[in-house]
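Close look at the chain arrangement
Listed here are the chains, written in short residue letters.
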Amino acid sequence: MQSGLPPFDRLIQGLRPGDNVVWQVDRLADYRFFAAHFVDQSLRDGRECVYLRFAPDEPVVPAVLGLEVVTLDPGAGFDNFSARVQRIIEEKGREACYVFDNLSALVAQWATDVLLANFFQITCPFLYQVDAVAYFALTRGRHAHSAVARIRDTTQLLLDVYHVGAQLYVHPLKVWDRYSPQMFLPHRVEGEVWSPIFQSGEAAELSSVALQHPLQETDASIAPWQSVYQRLLDYSRADEVPPEMETEVAALRRELTRMMLGAHPKFDRLVDRCLGSRDLLAVRSRLIGSGRIGGKAAGILAARCALRTTLGEAEFNRIFESQDSFYVGSDVFFTFLVNNNLFRLRLNLSRSFQITHEEFEEVQARFLAGSFPPEILKQFRAMLDYYGEAPIIVRSSSFLEDSFGNAFAGKYRSEFLVNQGSPDERMEELLRAVKLVYASALNPDAITYRRRRGLDESDEQMAILVMRVSGLRYGKYFFPTLAGVAFSRNLYAWNDRIDPRKGLIRLVFGLGTHAVDRAAGDYPRMIAVSHPQLRPEVGEKVAKYSQRVMDVLDLEENRLVTLPAADLLDPGDYPGLHFLVSVLEDGQLYDPVSNRVDAPGHRMFLTFNKLIARTDFVGLLGGMLEVLEEAYGEPVDTEFTAHLDASGRVKIDLLQCRPLRLPGVSGPLSIPEGIAPERVLFRAGRFISGGEVPGIRHILYIDPRRYAGVEDLALKRSIGRLVGRINRHPEVGQGKLMMMGPGRWGSNTVDLGVNVGYADIDRAAVLVELAREEAGHLPEVSYGTHFFQDLVEQEIIYLPVYPDDEEAAFNAGFFDESPNALLRLFPSAEEFAGVVKLIDVPEASGGASARVVADPETRRAVCFLE
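The notes below deal with the structure included here. (Residues numbered from 1 in each chain as written. Predicted model: local features only at pLDDT ≥ 70, side-chain atom pairs only at ≥ 80, totals over all residues. Heavy atoms only, no water.)

**Some words on the pattern of salt bridges**
Counted under the stated rule, the structure contains 34 salt bridges. Put simply, Glu731 and Arg697 hold a salt bridge, and the shortest N to O gap is 3.6 Å. Taken together, the positions of Glu731 in the loop between helix H26 (713-728) and strand S29 (736-742) and Arg697 in strand S28 (residues 691-702) put the pair 34 residues apart, joining distant regions of the chain. Residue classification places Glu731 among the buried residues on the basis of a relative accessible area of 18%. For Arg697, a relative accessible area of 23% corresponds to the partly exposed category. (Salt bridge = Lys/Arg side-chain N within 4 Å of Asp/Glu carboxyl O. Helix = DSSP H or I, 4+ residues; strand = E, 2+ residues; numbered from the N terminus. Buried < 20%, exposed > 50% of the residue type's maximum accessible area, 1.4 Å probe, protein only.)

**Considerations on unusual backbone geometry**
Phi is positive for Asp586, which is not a glycine, with a value near 55 degrees. By the element assignment, Asp586 lies in the loop between strand S22 (581-585) and strand S23 (588-590). On the accessibility criterion, Asp586 (82% relative accessible area) is exposed. With a phi angle near 50 degrees, Ala809 is a residue other than glycine that sits in the positive phi range. Following the sequence through the fold, Ala809 ends up in the loop between strand S31 (797-801) and helix H29 (812-817).

**Side note on the sheet that holds strand S11 (residues 326-328)**
The mixed open sheet is built from 5 strands, whose spatial order is S10-S11-S14-S12-S13. The open sheet is flanked by strand S10 (287-288) and strand S13 (414-417), the only strands paired with a single partner. Looking at chain direction, S11 and strand S14 (residues 462-468) are connected through 3 bridges and run antiparallel. Looking across to S14, one finds that Phe326 is bridged to Val466. Helix-sheet contacts for helix H18 (residues 423-439) involve S11, strand S12 (392-398), S13 and S14, and the interaxial angle to S12 is about 25 degrees. (Pairing = 2+ DSSP bridges. Contact = heavy atoms within 4.5 Å. Axes fitted to C-alpha atoms, helices over the stretch in contact; angles between N-to-C directions.)

**Describing a nonpolar patch on the surface**
A cluster of nonpolar residues, Phe334, Val338 and Phe343, forms a patch on the protein surface that exposes about 240 Å² of accessible area. With respect to the element layout, Val338 can be found in helix H14 (residues 330-339). Residue Val338 is classed as partly exposed on the basis of its relative accessible area of 42%. (Patch = residues over 30% accessible without salt bridge, like charges linked within 9 Å, V, L, I, M, F, W, Y side chains within 5 Å. Areas by Shrake-Rupley, 256 points an atom, 1.4 Å probe, with all protein chains shown as cover.)

**Here we look at a negative patch on the surface**
The grouping of Asp239, Glu240, Glu244 and Glu246 at the surface amounts to a negative patch. Here Glu244 shows up in the loop between helix H8 (226-237) and helix H9 (246-261). (Lys, Arg positive; Asp, Glu negative; His and termini not counted. Charge placed at Lys NZ, Arg CZ, Asp CG, Glu CD.)

**Concerning the nonpolar core**
By size, the foremost hydrophobic cluster in this structure holds 92 residues, and its most contacted members are Leu261, Leu580 and Phe617. Listed in part, the 40 residues of the second largest apolar core include Val394, Leu417, Val434 and Ile447. (Core = buried A, V, L, I, M, F, W, Y, C linked by side-chain atoms within 4.5 Å.)

**Description of the layout of surface pockets**
Within this model, the second largest pocket holds a volume of roughly 1300 Å³. In terms of lining residues, the second largest pocket is bounded by 43 residues, among which Ser208, Arg304, Arg308, Ser322 and Gln323 are the most central. Taken together, the elements giving at least two residues each to the lining of the second largest pocket come down to helix H7 (200-210), H8, helix H11 (277-284), helix H12 (294-311), helix H13 (313-319), S14 and strand S26 (650-659). Class assignment for the residues of the lining of the second largest pocket results in 16 nonpolar, 12 polar and 15 charged. (1 Å grid on protein atoms, 1.4 Å probe; cavity = no way out; pocket = protein on both sides within 12 Å on 5 of 7 lines; lining within 4 Å. Points joined across faces, edges and corners; volume = space filled by probe spheres on them. Nonpolar A, V, L, I, M, F, W, Y, C, P; charged D, E, K, R; others polar.)

**A word on empty space enclosed by the protein**
Tallied over the entire structure, the rule returns 5 cavities of 30 Å³ or more. Size it by volume and the largest cavity reaches roughly 130 Å³. Around the largest cavity, the lining is made up of 15 residues, and of these Leu185, Phe198, Glu389, Ala390 and Pro391 lie nearest the centre. Taken together, the residues that form the lining of the largest cavity break down as 10 nonpolar, 2 polar and 3 charged.

**Some thoughts on the environment of Val650**
Looking at the secondary structure, you find Val650 in strand S26. Classification of Val650 as buried rests on a relative accessible area of 3%. Taking the C-alpha atoms as reference, Val650 lies 9.9 Å from Val618; in sequence the two are 32 residues apart. Apart from residues no more than four positions distant in its own chain, Val650 is found in contact with Arg318, Ile319, Thr615, Asp616, Phe617, Leu620, Ala642, His643 and Leu644.

**Focus on H18**
Compared with the 24 Å implied by 1.5 Å per residue over 17 residues, the 24 Å span of H18 between its first and last C-alpha is a close match. Counting buried residues along H18, 12 of its 17 residues qualify, which places the element largely inside the surrounding structure. Of the residues making up H18, those classed as buried are Pro423, Arg426, Met427, Leu430, Leu431, Ala433, Val434, Lys435, Leu436, Val437, Tyr438 and Ala439. (Expected span 1.5 Å × (residues − 1).)

**A word on the packing of helix H6 (residues 145-154) against helix H17 (residues 374-387)**
Relative to each other, H6 and H17 sit at 70 degrees, their axes nearing to 11 Å. By the angle between their axes, H6 is roughly perpendicular relative to H17. Across from His145, Ser146, Ala149 and Arg152 in H6, the residues of H17 making contact are Lys378, Gln379, Arg381, Ala382 and Asp385. (Parallel < 35°, antiparallel > 145°, perpendicular 65-115°, else oblique.)

**Some remarks on the packing of aromatic side chains**
By the definition in use, this model includes 34 aromatic pairs. When the centroid spacing of 4.1 Å and the interplanar angle of 10 degrees are considered together, the rings of Trp23 and Phe34 count as stacked. In this pair, Trp23 sits in strand S1 (residues 20-25) while Phe34 sits in helix H2 (residues 28-44), placing the two residues 11 residues apart along the sequence. The burial state of Trp23 is the same as that of Phe34; both residues are buried. Taken together, a centroid distance of 6.3 Å and an interplanar angle of 50 degrees make the contact between Phe372 and Tyr438 tilted. Of this pair, Phe372 sits in the loop between helix H16 (357-368) and H17 while Tyr438 sits in helix H18, placing them 66 residues apart in sequence. For the residue pair Phe372 and Tyr438, the accessibility class agrees, reading buried in each case. (Phe/Tyr/Trp six-rings, centres within 6.5 Å; stacked < 30°, edge-to-face > 60°.)

**Remarks on the side chain of Ser325**
Counting through the fold element by element, Ser325 comes out in the loop between H13 and S11. Residue Ser325 is classed as buried on the basis of its relative accessible area, which comes to 7%. Not counting residues within four places of it along the chain, the set of residues in contact with Ser325 comprises Arg286, Tyr387, Leu465, Val466 and Met467.

Below is the structure:
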């Protein structure tokens, strides 16, 4: 069946018998537009068409030949009115068409939204039963969320219609029993062309302007501080606040800040300086449930406000993308635990017991079986309606996360949702993601981290931050052009010309997962802000140590996938590709000389050379880092994405900001001179974290060559668990422990290094990554990864050592010939004894212990027997 508007028919795949279509409008003229076309088409098709007239407004459709107009009086009461409508439907029989006046007019007569919802719930099914098609209108923002939710649950189609400036948009929120990949996106209406909005920045700006209050209030708010919010809201709406009330307004703002953002002396100063009432009220309008929004969300909010305050509104909007995030308050987590009998489990695991990875799988299953209260489900649904089918990410934002002194880097879960499918399918995926984030509060690494940081007795509730994924569609994939992490200090100064105070950027193409975690054979571009065109690598190694794989969202498969970057580069038509790649010709890398890249994907390498040289990308990030370090009063660690248009104009989306704890000591240390060569175990002269560790009794040594020779993958995967057992052994714990292993500690790819988690290495005093290139273990510098942040916070000295380098003075004889104490402590570990060696240093050296001295100023370190 046709609606009279072909673009609308294509969008919803046509009207069907029994369809009830509800249009949520700001202007009645918009409803008149759609209703008039529907009436004209229905009459042309020879259908009986009835206009039910009951509102005081101008008629929705004009009186035309063939249209039956029935005038009703809602003032006669709900029962009378509803019964009359039922009789009309009975009399007209099957397959008639109906246009109703604006349903919002009924509330003026009946004084409650409940009766409006009741009317719709008894009328809509009857219309469906007789295969009728009916149009209804609702005025947006005039009704309780519970009433709109009941209407939504009952109707077949629900659409939002709104204007941004002079432009009309239609956004389907529900289309029952139909689906297409673009159906639930906002559509720009331009005559016969209705265009879906894909680009993340445009979609965020559009939605945040058009839908300023996407989370409608429930009938009775569950927030105990609603009165504070309402009073501050009332003051914000006033044309002018009387001088005598300014003190009260300031007090209300501070109170709402404390309730939503928490309290911390350093953070409070930043918030007081940068956040205004407008910012707080905007957060409150997007808060699901009640409680605090957590550290990660608060950090982003404060950082963006600090940048806006410093740069000014116009400059801030030029540089940074709009954000339209939602927040799931911490009280929702608490309610979820109590309602699903998980509170006692969490209490016991957090305070008393060590949970294994296997036991955690069972805990996670219990969380996934949990449920949410109806009022929270309604708000989740409203949030999904707002985003439509735009990809989103559900991120942890616990009380302590990203706070001053505790980063919890990578401890809690984040879930990308490609967010494709029917509303019910998308809702199911959202609920699963929220539950997985909640469960991650009890994962072994998180519990160990809290205990080691003295936080096991702290109140650590989990809030959630839901963000629109920044990026745009390319083919069937969705991803940002640029993503990465940026630090206001550069501890990896590989050249004396680099100024460590200017910061460092780890940059990738695609989602930023490969900038903060490690992947096989994959290397981000390391950019020193002070000298952005200097590289750690030179010559042919530039290509070898470049990004090879990328994470993207597959819109057809509805999942996150990892692809070879060459697969997406191969057509050569990605926007702005010439800014991103260099081309390999005759063994040499060349930057494209024009805006077109004529080369197959396997000859393109992601160097980002022209991005760095020809755009203001590095300058913008460097300026951002300076502003944020000044605002925070200490170095900062940020995550970002960036969009690059064809002309090279850059727009940044700030995804995280937290204080950056610098590793080890900051002052000079004296490297001992004159140590006998046979007593030197190794030297390091690359990036190090400073400090001194005497009295090392045990060295856990995993020979890179022996490790590379292990063909049994199950055995390789088990080595990480053995490392964890050694880490926790009481005898090993009596002295200091140094761990030395191949390539990348913490790698998810066992061929590149030992797959340990934080709980497996947290008691080590020194962690050494051994780089033997012939064994495939040349390490990518860890700086900037979540794993490295763990080492910093635990004050574990990190040293990359290159045994094949003459300057390393690597004492292979000591490590090869020392007795292996592994089987004495772990008799059942015989299968590992050929790969894992536990050296009792006094036993191997005649009573000596090992000492490490690492000077952060000269970037030199030595480990020797004393």
